[in-house]
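# What the coordinates show
Now for the letters of each chain:
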Amino acid sequence: MVRGGEEILRHCAKKLGVGNKGTTPDGMFTLEEVECIGACSWAPAAQVNYDFHENLTNEKIDKILDEYRRG
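Because the structure is a prediction, the values reported are computed rather than measured.

## Topic: the overall build of the protein
When its secondary structure is counted, the protein shows two helices and four strands. What you see for the protein is a C-alpha radius of gyration of 11 Å, in line with the 11 Å of a compact globule of 71 residues. Along the three orthogonal principal directions, the C-alpha set of the protein runs to about 35 × 20 × 20 Å. Counting every position in the protein, which comprises 71 residues, the buried fraction comes to 28%. Here the contacts in the protein between residues at least 6 apart in sequence split such that 44% fall between residues at least 24 apart. Side-chain charges in the protein split into 9 positive and 12 negative, and the spacing between the mean points of these groups amounts to 4 Å.

Shown next as structure tokens:
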């Protein structure tokens, strides 16, 4: 995983309380590790549905997940 992607994955797993391919109890999030989303230049990156989020830090991913939870 590129530029800290593994750390972001671990952070998401802890924050969401699920492992790889696990779904949160409320059904809102499923966490899935993938090999490539074509964003090496902007790594670490994540995709939520069709939205891409790049240059992630733990703080940025927390904000993104919180925004999705709020709707």
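## Digging into the nonpolar core
By size, the foremost hydrophobic cluster in this structure holds 11 residues: Ile 8, Cys 12, Leu 16, Val 18, Phe 29, Leu 31, Ala 46, Leu 56, Ile 61, Ile 64 and Leu 65. When contributions to this core are tallied by element, the ones reaching two or more residues are α1 (5-16) and α2 (58-70).

## A look at the packing of α1 against α2
Across the interface, α1 lies against α2 with an axial gap of 10 Å and an inter-helix angle of 40 degrees. On the basis of the axis angle, α1 is oblique to α2. At the point where α1 passes α2, the crossing takes the right-handed sense. Residues Glu 7, Ile 8, His 11, Cys 12, Lys 15 and Leu 16 of α1 form the contact with α2, whose participating residues are Asn 58, Ile 61, Asp 62, Leu 65, Asp 66 and Arg 69. Across the contact of α1 with α2, the residue classes break down as five nonpolar, two polar and five charged.

What counts as what
Residues numbered from 1 in each chain as written. Predicted model: local features only at pLDDT ≥ 70, side-chain atom pairs only at ≥ 80, totals over all residues. Heavy atoms only, no water. Helix = DSSP H or I, 4+ residues; strand = E, 2+ residues; numbered from the N terminus. Rg over C-alpha atoms; globule rule 2.2 N^0.38 Å. Buried < 20%, exposed > 50% of the residue type's maximum accessible area, 1.4 Å probe, protein only. Contact = heavy atoms within 4.5 Å. Lys, Arg positive; Asp, Glu negative; His and termini not counted. Charge placed at Lys NZ, Arg CZ, Asp CG, Glu CD. Core = buried A, V, L, I, M, F, W, Y, C linked by side-chain atoms within 4.5 Å. Axes fitted to C-alpha atoms, helices over the stretch in contact; angles between N-to-C directions. Parallel < 35°, antiparallel > 145°, perpendicular 65-115°, else oblique. Left-handed = near helix turned anticlockwise from the far one by under 90°. Nonpolar A, V, L, I, M, F, W, Y, C, P; charged D, E, K, R; others polar.

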